[in-house]
Amino acid sequence: MKIRFRKSLGVALVALLVGACQPLAWQASPSLANTDVPVDSTITADPQTEAVIAPYRRQVTEKMSEVIGFAPEALGKAEYESPLGNFVVDLQIAQSQPLYGKPIDLSLTTNGGLRQPLPKGEINVGDVFELMPFENELVVLTLDGSTVQELFDYAVEKKWAPIGGATYTVKNGKPTDIKIGGQPFDPAKSYTLVTSDYLAGGGDDLNMLKKATKTEKVGLLLRDAILQQIRQLTAAGQPVTADTDSRVTVLP
């Protein structure tokens, strides 16, 4: 079987080793003459180190190889909205709302945070680690109307910030006809938004999110939310697909 998750395997293996191994005594070598040493295939693996790593590598490989779902078509990224973007923003609400205990109006991610598409066919744990390699936690922000307007302005300007729970039209480079939960956007209201703690802190230049009047942790990593969503779909006998109804209308 071809393993698609070499990078995620390495990340997970390092994390497992750090947590499992005791620190070793180390002494600097004053005779070291050259510190510019390329790390490539010409370096022979140390047998003792390999013996320590081997059982952890097996554990991680087995875990990352676990098949958790099936996608009839690959879920990739695109401008404004995409199968992958819609899938993630929708599951952020679906997985967060039961923990939050109240309705969540909006959901946000960015194409930059979604590192790899979900492949066509079998989806394993390693695919999800490649999609979301970061330890990002989901948070719910309360935003006033002016900040929500800034968010939609940003989404139109950048073209790579999928928003769930809303529809809008792009006209003359501006967002118009914004609807949230099927209702016209009211700039006098406040709305709740679920997103990652990285974006909530102004990541990807989303500085307007730092104006949130309230920030509440969901208690769930985004990666775990993705894993849960796929497992739940599989348990229900459903494939991994995205809502393809148009959310953004771009006028010429």
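Higher on the page you've got the structure.
All chains use their own residue numbering, which begins from 1 and follows the written sequence. The predicted nature of this model means local features are confined to residues of pLDDT at least 70 and side-chain atom pairs, given and counted, to a pLDDT of 80 or more, with totals for whole chains, interfaces and linings taken over all residues. Values reported for side chains reflect all heavy atoms of the structure, with hydrogen atoms and water molecules removed beforehand.

1. What about the packing of aromatic side chains?
Right, so step 1: Between rings of Phe, Tyr and Trp, where Trp is taken as its six-membered ring, a pair exists when centres lie within 6.5 Å; planes separated by under 30 degrees are stacked, by over 60 edge-to-face, and by other angles tilted. Taken as a whole and assessed by the stated rule, the structure comprises 3 aromatic pairs.
Right, so step 2: Ring geometry for Phe 152 versus Tyr 168: centroids 5.4 Å apart, planes at 80 degrees, classification edge-to-face. Of this pair, Phe 152 sits in helix α5 (residues 145-158) while Tyr 168 sits in strand β6 (residues 166-171); the two residues are 16 residues apart in sequence, bridging distant segments of the chain.
Right, so step 3: Looking at Tyr 168, the relative accessible area reads 4%, which means it is buried.
Right, so step 4: Judged by centre distance (5.8 Å) and plane angle (40 degrees), the ring pair of Phe 185 and Tyr 191 falls under tilted.
Right, so step 5: Burial status follows relative accessibility: with a 1.4 Å probe on protein chains alone, a residue under 20% of its type maximum counts as buried, one over 50% as exposed, and anything between as partly exposed. Residue Tyr 191 is classed as buried on the basis of its relative accessible area of 5%.
Right, so step 6: The rule is short: NZ of Lys or CZ of Arg within 6 Å of the ring centre and within 35 degrees of the ring normal puts a charge over the ring. Above the face of the Phe 129 ring, Arg 223 is positioned so that its terminal group lies 4.3 Å from the ring centre. The secondary structure listing takes helices from DSSP runs of H or I that are at least 4 residues long and strands from runs of E that are at least 2 residues long, numbered from the N terminus.

2. Quick look at the sheet that holds strand β9 (residues 190-196)
Within a beta sheet, neighbouring strands are joined by backbone hydrogen bonds and run either parallel or antiparallel to one another.
Right, so step 1: Judged by pairing direction, the sheet is mixed, and its 5 strands sit side by side in the order β5-β2-β9-β4-β10 without closing on themselves. Edge positions in the sheet fall to β5 (163-164) and β10 (214-221), since each of these pairs with one other strand and no more.
Right, so step 2: Relative to β5, strand β2 (residues 106-108) runs antiparallel, the two sharing 2 bridges. Looking across to β5, one finds that Ser 107 is bridged to Gly 164.
Right, so step 3: Docked against the sheet, α5 engages β2, β4 (137-144), β5 and β9, running at close to 115 degrees with respect to β4.
Right, so step 4: Contacts are assigned to residue pairs that have any heavy atoms within 4.5 Å of one another. Helix axes use the C-alpha atoms of the stretch in contact, all axes being lines fitted to C-alpha atoms, and the angles between their N-to-C directions lie in the range 0 to 180 degrees. Its contacts with the sheet put helix α7 (residues 222-235) on β4 and β10, and the angle it makes with β10 is roughly 55 degrees. When DSSP finds two or more bridges between two strands, those strands count as paired.

3. Examining the sheet that holds strand β8 (residues 183-184)
Right, so step 1: Read from one edge of the open sheet, 4 strands run β8-β7-β6-β11, paired in mixed fashion. Looking at the sheet topology across the chains shown, the edges are occupied by β8 and β11 (248-250).
Right, so step 2: When β6 meets β11, the two strands line up parallel, connected through 3 bridges. Bridging across to β11, Val 170 finds its partner in Val 250.
Right, so step 3: On top of the sheet, α5 reaches β6 and β7 (174-180); it is set at about 125 degrees to β7, its chief contact.

4. What about the pairing of β9?
Right, so step 1: For β9, a buried count of 6 out of 7 residues is recorded, marking the element as mostly surrounded by other parts of the structure.
Right, so step 2: Looking at chain direction, β4 and β9 are connected through 7 bridges and run antiparallel. Across the sheet, the residue bridging to Val 140 is Val 194, located in β9.

5. Points about helix α3 (residues 83-100)
Right, so step 1: End to end, α3 covers 25 Å across 18 residues, agreeing with the expected 26 Å (1.5 Å per residue, within 8%).
Right, so step 2: Among all positions of α3, only Leu 84, Gly 85, Asn 86, Phe 87, Val 88, Val 89, Leu 91, Gln 92, Ile 93, Gln 95, Ser 96 and Tyr 100 are buried.
Right, so step 3: One or two positions beyond α3, positive phi appears at Gly 101, with a value near 80 degrees. One less than the number of residues in a helix, times 1.5 Å, gives the span that helix is expected to have.

6. Observations regarding the packing of α3 against α7
Two quantities define a packed helix pair, namely the angle between the axes and the distance from one axis to the other.
Right, so step 1: At a minimum axis distance of 9 Å, the contact between α3 and α7 shows a crossing angle of 90 degrees. Put simply, α3 runs roughly perpendicular to α7. Contact residues: Phe 87, Val 88, Leu 91, Gln 92, Ala 94 and Gln 95 in α3; Leu 222, Ala 225, Ile 226, Gln 228, Gln 229, Ile 230, Gln 232 and Leu 233 in α7.
Right, so step 2: Asp, Glu, Lys and Arg are counted as charged, while Ala, Val, Leu, Ile, Met, Phe, Trp, Tyr, Cys and Pro are counted as nonpolar; the rest, among them Gly, fall into the polar class. Partitioned by chemical class, the residues of the contact of α3 with α7 number 9 nonpolar, 5 polar and no charged. Geometric relationships in this document are graded by angle, where less than 35 degrees denotes roughly parallel, more than 145 denotes roughly antiparallel, 65 to 115 denotes roughly perpendicular, and other angles denote oblique.

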